[in-house]
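# Structural overview for review
Given next are the chains, with one letter for each unit.
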Amino acid sequence: MKIEVLGSGCAKCNKVKEIVEKVVNEAGIDAEIIKVEDINKILDYGVMVTPGLVVDGDVKFAGKIPSEDKVREWLTQ
Amino acid sequence: MAEEIKCACDSTNVALFSCSGASNVGQLSNQLAIELTEKGVGKMMCAVGIGGQVTGLLRSAEGCDRIIAIDGCPLNCTKKALELSGLEVDRHILVTDLGITKNKDLRVKGPELSDTLEKVSEILAN
C-alpha cells in the first residue's frame, strides 16, 4: 500500500503523518508512507487545501485533520 | 513570477466556486472569484471539477468550512453542481441580481467588475 500525506510541513500536515504512522504500526499494515510537499504534485491530485491523504492514488480527504478512526477505516478496508 | 506557495493549510478554509459560463455574467462570476481570492475572502476552486467528479477537488470542497457559489445567471449551474455532489452552499451570489443583464459578450466591461465586486463584498460582509 502506498500512502501519501499531502502538505508542506506545517503542524496540521505533520499531525496527519503522525496519525497515519500510528495506525499503520498498530494495525501492522505493509505500507510505504510518503510525505508530498511539492505544491505542484499536490495540485496534480486536484487537492486545493491541505493536509490531504492519498491511498494507492485515491484521495481520501483534504483540508482537515481526520480522526484516527477514519484513517484506520481508510487503511484497513 | 508567482510568489512561492509554502503551505495550503489555513485555520479556516472558504471555497469559492464560479460558473465561468459563456456569457458576460459567467465570465464576470469567474473574475469575481479571482478578485475575492486575491482579497483573501476564500480560495477559488474548480467548479467544473465538481461536475466532473474529480476526487481531489470533491475532497477539497468537503474539507472546507464554508462554500460560496457565484452564478452568473438564474440557471444556477454552480449551485446545482455542488448540491448534486452533496456539498452544502453557505452563500450564493447571483450576478444578474446585481444589476447586470446577461448577454453573449465574453469580455468583462471596464467598470462592471469593480462595481459588482463592491456589491459582492458588501453581501459577503453581512
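Keep in mind that what you see is a predicted model, and the values were worked out from it rather than measured. (Residues numbered from 1 in each chain as written. Chains lettered and ligands numbered in written order. Predicted model: local features only at pLDDT ≥ 70, side-chain atom pairs only at ≥ 80, totals over all residues. Heavy atoms only, no water.)

### Describing the interface of chain A and chain B
Definition in use: Should any heavy atoms of two residues lie within 4.5 Å, those residues are considered in contact. Buried area: the accessible surface (1.4 Å probe) lost by two parts on joining, summed over both. Within this document, salt bridges are pairs made up of a side-chain nitrogen of Lys or Arg and a carboxyl oxygen of Asp or Glu, the two lying within 4 Å of each other. The definition of a polar contact used here is a pair of N or O atoms within 3.5 Å, where within protein one atom must be able to donate a hydrogen and the other to accept one, and adjacent residues in sequence count solely through side-chain atom pairs. Counting from the N terminus, the helices are the DSSP runs of H or I reaching at least four residues and the strands are the DSSP runs of E reaching at least two. Here the term charged refers only to Asp, Glu, Lys and Arg, the term nonpolar to Ala, Val, Leu, Ile, Met, Phe, Trp, Tyr, Cys and Pro, and the term polar to all other amino acids, Gly among them.
On the chain B side, the residues contacting the 19 residues of chain A number 20 residues. Buried area between chain A and chain B, summed over both chains or domains, comes out near 1400 Å², and the portion from carbon and sulfur atoms is 61%. Taken together, the connections running from chain A to chain B amount to 1 salt bridge. Between Lys-64 of chain A and Asp-65 of chain B there is a salt bridge, with the nearest N and O atoms lying 3.5 Å from each other. There are 3 residue pairs in polar contact (both at pLDDT 80 or more) connecting chain A and chain B. For the side of chain A that touches chain B, the elements supplying multiple residues, two or more each, are α1 (11-27) and β4 (58-62) of chain A. With 5 residues, β4 of chain A is the largest single contributor of residues to the side of chain A that touches chain B. Split by residue class, the side of chain A that touches chain B holds 11 nonpolar, 4 polar and 4 charged.

### Side note on the sheet that holds strand β4 (residues 91-94) of chain B
All names here are of chain B. Counted only if it meets this: Note on pairing: two strands pair once DSSP finds at least 2 bridges between them. Comment: axis = line fitted to C-alpha atoms, over the contacting stretch for helices; angle = value between 0 and 180 degrees taken between N-to-C directions.
Ordered in space as β2-β1-β3-β4, the 4 strands form an open sheet in which the pairing is parallel. Each edge of the open sheet is held by one strand with a lone partner, namely β2 (43-45) and β4. Strand-to-strand twist across the sheet, computed as the mean angle between neighbouring axes with direction ignored, equals 25 degrees. With 5 bridges joining them, strand β1 (residues 14-18) and strand β3 (residues 66-71) adopt parallel strand pairing. The residue bridging Ser-18 from the neighbouring strand is Ile-70, located in β3. Sitting on the sheet, helix α5 (residues 110-125) touches β3 and β4, and the angle it makes with β4 is about 155 degrees.

### Section: the UniProt feature "active site" (unreviewed entry) in chain A
All names here are of chain A. For clarity, the threshold we go by: UniProt positions are given in the numbering used here, feature names are shortened, and annotations may be inferred rather than shown by experiment.
Summarizing the sequence annotation, UniProt attributes the feature "active site" (unreviewed entry) to Cys-10 and Cys-13 in the numbering used throughout. Structurally, Cys-10 can be placed in the loop between β1 (2-6) and α1. Residue position: Cys-13 is located in helix α1.

### Things to note about the pairing of β1 of chain B
Residues and elements named next belong to chain B. Rules: Exposed residues in this analysis have more than 50% of their type's maximum accessible area, buried residues have under 20%, and partly exposed residues fall in between, with area computed by a 1.4 Å probe over protein chains only.
Among the 5 residues of β1, 5 are classified as buried, and the element is accordingly described as predominantly covered. Side chains of β1 alternate between two faces, with Val-14, Leu-16 and Ser-18 and Ala-15 and Phe-17 buried alike. In this structure, β1 lies alongside β2, joined through 3 bridges in parallel fashion. Looking across to β2, one finds that Leu-16 is bridged to Met-44.

### As for the packing of aromatic side chains
Residues and elements named next belong to chain A. Here is the rule: Here a Phe, Tyr or Trp ring, Trp counted by its six-membered ring, pairs with any other such ring whose centre lies within 6.5 Å, and the pair is stacked when the planes are under 30 degrees apart, edge-to-face when over 60, and tilted otherwise.
Counting across every chain of the model gives 1 aromatic pair over all chains. On the basis of an interplanar angle of 5 degrees and a centroid distance of 5.6 Å, the ring pair of Phe-61 and Trp-74 is categorised as stacked. In this pair, Phe-61 sits in strand β4 while Trp-74 sits in helix α3 (residues 68-76), placing the two residues 13 residues apart along the sequence. With a relative accessible area of 9%, Phe-61 lands in the buried category. We classify Trp-74 as buried; its relative accessible area is 13%.

### Description of helix α1 (residues 24-38) of chain B
Residue and element names in this part refer to chain B. What counts, and what does not: One less than the residue count of a helix, multiplied by 1.5 Å, gives the span that helix is expected to have.
Taking 1.5 Å of rise per residue, 15 residues should cover 21 Å, and α1 covers 21 Å from first to last C-alpha, within 8% of that figure. Of all the positions in α1, only Asn-24, Val-25, Gly-26, Leu-28, Ser-29, Asn-30, Leu-32, Ala-33 and Leu-36 are classed as buried. On the buried face of α1, the contacting elements are β1, β2, β3 and α5. Looking one or two residues beyond α1, the residue adopting positive phi is Gly-40, at roughly 85 degrees.

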